[in-house]
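# Per-entry structural report
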Amino acid sequence: MATKKKWEYSPAPESKQPAAIASRYELFINGKWVKPTSSNYFSSINPATEEKLSEIATASEADVNKAVQASRQAYEKYWKKMAPAERAKYIFRIARIMQERARELAVTETLDGGKPIRESRDFDIPTAANHFFYYAGWADKLDFAFPNKKANSLGVAGQITPWNFPLLLAAWKIAPALATGNTVVLKPAETTSLTTLKLAAIIQEADLPPGVVNVITGAGQTGAWLTQHKDIDKIAFTGSTEVGRIIQRTLAGSHKKLTLELGGKGANIIFEDAPIDQAVEGVINGIFFNQGHVCCAGSRLYVQESIAKKFVQKLKDRISTLLVGDPMDKNTDVGAINSAQQLKTIQAYIKIGKAEGADFFESDCTLPQKGFFCRPSLFTNVAQSNRIAQEEIFGPVLCILTFRTDDEVIEKANNSPYGLSAGIWTDKGSRIFNISKQIRAGVIWANTYNLFDPTSPFGGYKESGFGREGGLQGLQPYVQFVKP
Amino acid sequence: MAKQSRLEVWKTYKNYVGGQFPRTESGRSYAVKNAMGKTIANVCQSSRKDVRDGVSAARSAWSAWNNRSGFNRGQILYRIAEMLEGRKKQLSDLLVTQGYTAAAATQEINRSTDRLIYYAGWCDKYQSLFSAVNPVASAHYNFSVPESMGVVGMLAPANASLLGVVSLMAPCIAGGNTCLILADQEKPLAAVSFAEVLHSADVPGGVVNILTGYQQELIDWISSHVDVNAMVCFDQEKADWQKIQEIGAGHIKRTFQWNAKQLATAAGQSPYFIMDLQEIKTTWHPIQTIGGKGGAY
């Protein structure tokens, strides 16, 4: 029920102390921490407080070259030749140390990226560790993965991760690459490098041969040098469709294999026979999980007309009870926006939505004085052609549209250049199978949303990218077939 | 011969779009010559507009074709093979006119027919082989299945007039895609006559569309078409391959280069060619747990 009186929670702050963040981080190349040739460092701040957390090395082109060279040497000298079962044991070690140092990683992730500690503790870090554990087991079983083919490694993989799930996506990239016998040079997003650097330390602690995994930090230019490097055999990128296009263009005509996990505008479809209260929770989780910084977020809501009024009211009531604020508080539902720049983007889209004539509603919660925060919000009266219904906002802003028939909602849901994810809420099994088949998207959540698992392949159709991460299918982007 | 022989009826070679045989809208043609340099046909020099019409026909046909059962698609591929077998003589004469020896022509047609039957058999099997039920660590049922990509642009290789077209088309449509094929520029006649085979084999109009024309002129238009989900070609010149990928990057097109040297070998056919043109879709659903504890819904 919507009342002005809200549940009051006493603060339940997590301690910063377990993060043990160093004042400065160097580049991790060839098993060692090395100073950048540029001698340049950039600051990493806590988006919830705007306080500086650490300073991080900016990798120059020379540093990128060094890292790729180290990776190539490690590939030829150790990793390619190593018995797959031994390779597996190294990867299992990484998973185990991540589990042991889970609290440190979770607190660091939240301080660095602004996501609620509850999410980094219960989702990001355990899922990342599980990913290593899952792929470790594949290393000596690749002969069973591809019928009638033998799968060989590619060589050196260049990997670029985004800022929304920093450690988790580093795991999505590194684990399958190592399991299939490739070596890695990884560049994390510049606003969220810390947990990836801690992962590098874990890899060092696990005693992997030097150069098998290298981490170079920096902004877009560092990533561009990596994608342009001639001695790279594979690029895996997660980020915006805009940058994905540039990378695909850069790689055109080369021998490099490519995986792209790009943007999305997930359609979340609510039929009148859906379990309404569960669906409301699912929609909330679909759009406000991780402040809406999720490529597969259910950001386009389609509600069947007959229940739209009631459903939207329930959503507004629920949004008003979301706890927005300090990410380190264990009660917090919606934390800080990752950066000042992203906050600006979100605010610009809210302005666009209003100008397009949609009706705006936001939670009346109070926001902290410092840091980058945004109230959870929704737009109703949105048209399919509105920019807020077509473009990825990547923030806690839900667009609500309505429909009458199954055919209509299939048409509308598919009317998007993206095709990453979709949700379907209905009590009717045959409808789930029909709609889920007709929707052009790589992941379909029926009567649930935003679930991930190492065994479950993830990736998009159309302009949401190509290739899969996770599951058996997640191995293929890192292998080449040779005759059995 | 002493007696006046009957005057031969020559055939007009046209495009195959949406189950019909239109001329290019541009009205242009180019001469196809035999090994002796004699003109044997004036074929369509297709234009950008023909590409658009072809893609549009392929897109219209896609949904129904994609929704047909694998079994039904298999029957239709098998039917194409039956029709091809019946037109062996016609196709063979045509290949010989274009410079094949009689033995090579027969071999190419036999290989093409056998390849169609090979893929006919895959239509309802690759899904089982490449699907998975994933053992997720929560109370959810989770499965991944291959699905067609949609509309595929295909550039036929040189020196395999018929086998090249069949080896492109068969894995593509076996997997529920529809396609627009640009025939080999120098030797396009077998591809056009193959369209007649398709036409008489219960292949719904628009599932396969075949154009003749200049590859250099049309590559840009096929690669840049937003409604073409994927491109397949064989051993292109490096500059062309780079161009196809560069232009395709504009809307994240999937691009594949298959090996022409393998065409006439066992390696020229594989379910992995079907899988190149498939997306993987993963679906989740909660599992009820009695009593609710641990249940996800």
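What counts, and at which threshold
- Residues numbered from 1 in each chain as written.
- Chains lettered and ligands numbered in written order.
- Predicted model: local features only at pLDDT ≥ 70, side-chain atom pairs only at ≥ 80, totals over all residues.
- Heavy atoms only, no water.
- Helix = DSSP H or I, 4+ residues; strand = E, 2+ residues; numbered from the N terminus.
- Rg over C-alpha atoms; globule rule 2.2 N^0.38 Å.
- Buried < 20%, exposed > 50% of the residue type's maximum accessible area, 1.4 Å probe, protein only.
- Pairing = 2+ DSSP bridges.
- Axes fitted to C-alpha atoms, helices over the stretch in contact; angles between N-to-C directions.
- Contact = heavy atoms within 4.5 Å.
- Core = buried A, V, L, I, M, F, W, Y, C linked by side-chain atoms within 4.5 Å.
- Domains from an automatic or database assignment.
- Phe/Tyr/Trp six-rings, centres within 6.5 Å; stacked < 30°, edge-to-face > 60°.
- Lys NZ or Arg CZ within 6 Å of the ring centre and 35° of its normal.
- Parallel < 35°, antiparallel > 145°, perpendicular 65-115°, else oblique.
- Nonpolar A, V, L, I, M, F, W, Y, C, P; charged D, E, K, R; others polar.
- Expected span 1.5 Å × (residues − 1).
- Patch = residues over 30% accessible without salt bridge, like charges linked within 9 Å, V, L, I, M, F, W, Y side chains within 5 Å.
- Areas by Shrake-Rupley, 256 points an atom, 1.4 Å probe, with all protein chains shown as cover.
- Salt bridge = Lys/Arg side-chain N within 4 Å of Asp/Glu carboxyl O.
- Buried area = accessible area lost by both parts, 1.4 Å probe.
- Polar contact = N/O pair within 3.5 Å; in protein donor to acceptor, adjacent residues only side chain to side chain.

It is worth spelling out the overall build of chain B at this point. Along chain B, the regular secondary structure elements total 10 helices and 10 strands. Its C-alpha radius of gyration of 21 Å places chain B within 12% of the 19 Å reference for a compact globule of 297 residues. Across its three principal axes, chain B shows a C-alpha extent of roughly 95 × 40 × 30 Å. Within the span of chain B, comprising 297 residues, buried residues form 55% of the whole.

Below, the discussion takes up the sheet that holds strand S8 (residues 230-234) of chain B. Residues and elements named next belong to chain B. Pairing in this open sheet of 5 strands is parallel, and the strands run S7-S6-S5-S8-S9 from one edge to the other. In this open sheet, the two edge strands, each paired with only one partner strand, are strand S7 (208-211) and strand S9 (254-258). Strand-to-strand twist in this sheet, taken as the mean axis angle between neighbours without regard to direction, amounts to 15°. Contacting strand S5 (151-155), strand S6 (178-182) and S7, helix H1 (residues 48-67) runs over the sheet at an angle of about 155° to S6.

With that settled, the discussion passes to the pairing of strand S5 (residues 52-57) of chain A. As a general feature of sheets, a regular strand has side chains that alternate between the two faces. Residues and elements named next belong to chain A. The element S5 is extensively covered by neighbouring structure, given that 5 of its 6 residues are classed as buried. Pairing of strand S1 (residues 24-25) with S5 involves 2 bridges; the strand directions are parallel. By the bridge assignment for S5, Arg24 is matched with Glu55. Pairing between strand S4 (residues 41-45) and S5: 5 bridges, direction antiparallel. In the strand pairing of S5, Tyr41 is matched with Ala57. Counted between consecutive antiparallel strands, the loop separating S4 from S5 contains 6 residues, among which Glu50 sits at a positive phi close to 65°.

What follows is about the nonpolar core. A general trend in soluble globular proteins is that nonpolar side chains are found buried together. Of all hydrophobic cores here, the largest spans 166 residues; its most connected members are Phe311 of chain A together with Ile80 and Phe194 of chain B. Ranked by residues supplied to this core, first place goes to helix H5 (residues 166-179) of chain A with 11 residues. Counting contributing residues, this core receives three or more from each of domain 1 (17-262 + 464-482) and domain 2 (267-454) of chain A. In contact with Phe194 of chain B, other than residues within four places in its own chain, are Ile80, Leu84, Leu116, Leu162, Val165, Val166 and Met169 of chain B. Residues Ile269, Phe271, Leu343 and Ile424 of chain A belong to the second largest nonpolar core, which totals 30 residues.

To continue, consider the packing of aromatic side chains. Tallied over the full model, the rule gives 27 aromatic pairs over all chains. Where Phe123 of chain A meets Phe289 of chain A, the ring centres are 5.4 Å apart and the plane angle is 75°; that geometry is what we call edge-to-face. Of this pair, Phe123 of chain A sits in helix H4 (residues 117-136) while Phe289 of chain A sits in the loop between helix H9 (276-288) and strand S13 (300-304), and the two are 166 residues apart along the sequence. Take Phe123 of chain A and Phe289 of chain A: they sit in the same class, and that class is buried. Ring centres of Trp172 of chain A and Phe452 of chain A lie 6.4 Å apart, and the angle between their planes is 55°; on these two criteria the pair is classed as tilted. Of the two residues, Trp172 of chain A sits in helix H5 while Phe452 of chain A sits in the loop between strand S19 (443-446) and strand S20 (461-462), which places them 280 residues apart along the sequence. Like Phe452 of chain A, Trp172 of chain A is buried. Against the face of Trp62 of chain B rests Arg59 of chain B, its NZ or CZ located 5.5 Å from the ring centre.

Quick look at unusual backbone geometry now. Residue and element names in this part refer to chain A. A positive phi angle, near 65°, is found at Asp207, a position not held by glycine. Relative to the helices and strands, Asp207 resides in the loop between helix H6 (194-205) and strand S9 (213-215). Of note in the backbone geometry, Asn290 takes a positive phi value of approximately 55° without being a glycine. Along the polypeptide, Asn290 turns up in the loop between H9 and S13.

Moving on: the packing of helix H4 (residues 102-122) of chain B against helix H6 (residues 163-174) of chain B. Residue and element names in this part refer to chain B. Closest axis-to-axis distance for the H4/H6 pair is 9 Å, and the angle between their directions is 5°. Considered as vectors, H4 and H6 are oriented roughly parallel to each other. Between H4 and H6, the contacting residues are Glu108, Arg111, Ser112, Arg115, Leu116 and Tyr119 on the first element and Leu163, Val166, Ser167, Met169, Ala170, Pro171 and Ala174 on the second. Looking at the contact of H4 with H6 residue by residue, the class counts come to 8 nonpolar, 2 polar and 3 charged.

Moving on, we get to helix H1 (residues 61-79) of chain A. Relative to the 27 Å expected for 19 residues at 1.5 Å per residue, H1 of chain A spans 25 Å between its end C-alpha atoms, a close match to the ideal helical length. All of the buried residues in H1 of chain A are Asp63, Val64, Ala67, Val68, Ala70, Ser71, Arg72, Ala74, Tyr75 and Trp79 of chain A.

Take a nonpolar patch on the surface next. A cluster of nonpolar residues, Val133, Tyr141 and Ile287 of chain B, forms a patch on the protein surface that exposes about 280 Å² of accessible area. Its location among the elements puts Ile287 of chain B in the segment after strand S10 (278-286).

All right, on to the environment of Asn65 of chain A then. By the secondary structure assignment, Asn65 of chain A is in helix H1. Between the alpha carbons of Asn65 of chain A and Lys370 of chain A there is a distance of 40 Å; along the sequence they are 305 residues apart.

All names here are of chain A. We note that the domain assignment places domain 1 (17-262 + 464-482) and domain 2 (267-454) within chain A. For domain 1 versus domain 2, the distance between C-alpha centres works out to 30 Å. Between domain 1 and domain 2, the residue contacts involve 33 residues of the former and 31 residues of the latter. Buried surface at the junction of domain 1 and domain 2, summed over both partners, amounts to about 2700 Å²; 61% is from carbon and sulfur atoms. Taken as a group, Arg118, Trp163 and Ser464 account for 20% of the area that domain 1 buries against domain 2, more than any other trio of residues on that side. At the junction of domain 1 and domain 2, the tally comes to 1 salt bridge. Here Asp333 and Arg118 are joined by a salt bridge, their closest N and O atoms 2.7 Å apart. Linking domain 1 to domain 2 there are 14 residue pairs in polar contact (both at pLDDT 80 or more). Of all the elements in the fold, those that place two or more residues in the side of domain 1 that touches domain 2 are helix H3 (102-113) and H4. Ranked by residues supplied to the side of domain 1 that touches domain 2, first place goes to H4 with 9 residues. In terms of residue class, the side of domain 1 that touches domain 2 is made up of 13 nonpolar, 14 polar and 6 charged.

On to the sheet that holds S1 of chain A. All names here are of chain A. With mixed pairing, 3 strands are arranged side by side in an open sheet as S1-S5-S4. Looking at the sheet topology across the chains shown, the edges are occupied by S1 and S4. Contacts from H6 reach S1, S4 and S5 within the one sheet, and its direction differs from that of S5 by about 60°.

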